[in-house]
Amino acid sequence: MAILKINGENKIFEKVPSTMKALLEFLNVDDATVVAEVNGQIIPRGSFHNTILQDGHNVELIRFVGGG
Amino acid sequence: MKKLIIAGKEFTSRLFIGTGKYSSNKIMAQSIEASATEMVTVALRRVDIQNPQDNMLAAIDRKKYLLLPNTSGARNADEALRLARLARAATDINWLKLEVTPDPYYLLPDPIETLKAAEILVKEGFVVLPYINADPVLAKKLQDIGTATVMPLAAPIGSNQGLKTKAAIEIIIAQATIPVVVDAGLGMPSHAAEAMEMGADAVLINTAIATANDPIKMAEAFKKAVQAGREAFEAGSASVKNHADASSPLTGFLRD
């Protein structure tokens, strides 16, 4: 069992997806539309596949929405 | 109409459009098209993990419309900086509508935090378009530190009250060497035309279009009003007098 904090909420995994890319696939989020932070650090879009996730990481997944 | 230039980029349209509050992405896209805008604002929010497929950006043709990410939701400079850097990471564009609004009831921009964030963002290479109260001293300070525009409010965001800050915006325009974009509070095309007639370089409209009964028609109406107001400004207005000044000749009357 492992925990990732995703957008402010703890999510429990049998096994944490190994990379940011794997997490986005697991969550069914199109990686072309999001920007991500891990522990407050912005992950460059091209680096999702080699961003290693571990138990206890704080992940933010952000995207554009309508706004003025 | 003279072209508008912001940070070296030419705009034919002087109407910028916000993308919030539309009933659907389709209506939004059609309204954007009807407005003939070339720049649209967008906000950054957490992905809804329960509904991960929702992607409004797919409805916006990035070849036709420059995205202007905003820092809405930021309550201080640090939160604005974080959103700005995320926006740049997400889009590879460095244009930014900087807004810092600590109080959600009036959503008035915090001048101190805005100036603080603007200084840092300009140094980091952002093209900063700050949303400000209609404060000529602040506008001048932002101009001096290198923001690309200033964007004074006409009235509180989404209030549709019109040009409540007219006298202060006139001073901002008089002393500006960068474009002045009137942002927030313009509720009707006539309000936008008034801002343009007095020499604003552009206006930014969201609520007035998005929440109209027919947003697409309202977008078209704003397009015309902004054009008309700008052309009137370029034409130079006739003088106002306290008495009549006959338009027909005062000679050759049919009387003795």
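The preceding data block contains the structure.
Residues numbered from 1 in each chain as written. Chains lettered and ligands numbered in written order. Predicted model: local features only at pLDDT ≥ 70, side-chain atom pairs only at ≥ 80, totals over all residues. Heavy atoms only, no water.

Enquirer: Please provide a residue-by-residue account of the overall build of chain B, values included.
Expert: For chain B, the helix and strand inventory stands at eight helices and ten strands. At 20 Å, chain B has a C-alpha radius of gyration in line with the 18 Å of a compact globule built from 256 residues. For the C-alpha atoms alone, the extent of chain B along its principal axes is close to 85 × 40 × 35 Å. Across chain B, every contact between residues at least 6 apart in sequence was considered, and the portion connecting residues at least 24 apart equals 65%. The average position of the 28 basic charges and that of the 28 acidic charges among the side chains of chain B differ by 2 Å. (Helix = DSSP H or I, 4+ residues; strand = E, 2+ residues; numbered from the N terminus. Rg over C-alpha atoms; globule rule 2.2 N^0.38 Å. Contact = heavy atoms within 4.5 Å. Lys, Arg positive; Asp, Glu negative; His and termini not counted. Charge placed at Lys NZ, Arg CZ, Asp CG, Glu CD.)

Enquirer: Can you break down helix α1 (residues 25-35) of chain B residue by residue, with the values?
Expert: All names here are of chain B. All buried positions along α1 are accounted for by Met28, Ser31, Ile32, Ala34 and Ser35. Looking straight down α1, one finds its buried side chains confined to an arc of 165 degrees; they lie on one side. Seen from the buried face of α1, the exposed residues on the opposite side, beyond 90 degrees, are Lys26 and Glu33. (Buried < 20%, exposed > 50% of the residue type's maximum accessible area, 1.4 Å probe, protein only. Arc of directions from axis to C-beta.)

Enquirer: Provide a residue-level description of the pattern of salt bridges, including the pertinent values.
Expert: A side chain with one charge may pair with a side chain of the opposite charge, provided their charged atoms come close. Enumeration over the complete set of coordinates arrives at 17 salt bridges over all chains. Between Glu33 of chain B and Lys64 of chain B there is a salt bridge, with its nearest N and O atoms 4.0 Å apart. Of this pair, Glu33 of chain B sits in helix α1 while Lys64 of chain B is found in the loop between β4 (39-46) and β5 (66-69), placing the two residues 31 residues apart along the sequence. Across the salt bridge formed by Glu234 of chain B and Arg230 of chain B, the nearest N and O atoms sit 2.8 Å from each other. Separated by four residues within a single helix, Glu234 of chain B and Arg230 of chain B lie in helix α8 (residues 215-235), roughly one turn from each other. Among the residues examined, Arg230 of chain B registers a relative accessible area of 5% and is labelled buried. Look at the salt bridges and you will find they share partners, linking Lys21, Glu25 and Asp31 of chain A into a network. (Salt bridge = Lys/Arg side-chain N within 4 Å of Asp/Glu carboxyl O.)

Enquirer: How would you summarise the side chain of Thr91 of chain B if you had to cite specific residues and measurements?
Expert: As for its placement among the helices and strands, Thr91 of chain B is situated in helix α2 (residues 77-91). Under the relative-accessibility criterion, Thr91 of chain B is labelled buried at 8%. Of note is the side chain of Thr91 of chain B, whose polar atom sits 2.8 Å from the backbone oxygen of Ala87 of chain B. If we skip the residues at most four places from it in the chain, Thr91 of chain B touches Phe64 of chain A together with Arg62 and Leu67 of chain B. (Polar contact = N/O pair within 3.5 Å; in protein donor to acceptor, adjacent residues only side chain to side chain.)

Enquirer: I'd love a proper account of the packing of aromatic side chains, names of residues and values included.
Expert: All names here are of chain B. Per the counting criterion, the structure on display carries four aromatic pairs over all chains. Here Phe11 and Phe16 contribute two aromatic rings whose centre-to-centre distance is 5.4 Å and whose plane-to-plane angle is 65 degrees, an arrangement assigned as edge-to-face. A single burial state applies to Phe11 and to Phe16, both of which are buried. Between Lys97 and the ring centre of Tyr131, over which it is positioned, the NZ or CZ distance is 5.2 Å. (Phe/Tyr/Trp six-rings, centres within 6.5 Å; stacked < 30°, edge-to-face > 60°. Lys NZ or Arg CZ within 6 Å of the ring centre and 35° of its normal.)

Enquirer: Could you give an account of the nonpolar core, with specific residues and numbers?
Expert: One finds Ile60, Leu98, Val182 and Val203 of chain B to be the most contacted residues of the largest nonpolar core, which totals 67 residues. Examining the composition of this core, we find that nine residues originate from one element, α2 of chain B, more than from any other. Among residues more than four places away in sequence, those in contact with Leu98 of chain B are Thr71, Ala80, Thr114, Ala117, Ala118, Leu121, Val128, Leu129, Pro130 and Tyr131 of chain B. Core analysis: the next-biggest nonpolar cluster, separate from the first, contains 19 residues, Ile6, Met20, Phe48 and Leu53 of chain A among them. (Core = buried A, V, L, I, M, F, W, Y, C linked by side-chain atoms within 4.5 Å.)

Enquirer: Would you mind going over the interface of chain B and chain A in detail, with residue names and values included?
Expert: Contacts between the two partners involve 30 residues from chain B and, on the opposite side, 21 residues from chain A. Summed over both partners, the interface of chain B with chain A comes to about 2,300 Å²; 59% of that surface belongs to carbon and sulfur atoms. Seen at the junction of chain B and chain A, the total is two salt bridges. A salt bridge links Arg82 of chain B to Glu37 of chain A; the nearest nitrogen and oxygen atoms lie 2.5 Å apart. In this structure, the connection of chain B to chain A is made through 13 residue pairs in polar contact (both at pLDDT 80 or more). Of all the secondary structure elements, the ones that give two or more residues to the side of chain B that touches chain A are β4 and α2 of chain B. (Buried area = accessible area lost by both parts, 1.4 Å probe.)

Keep in mind that these numbers describe shape and distance, not what the molecule does.
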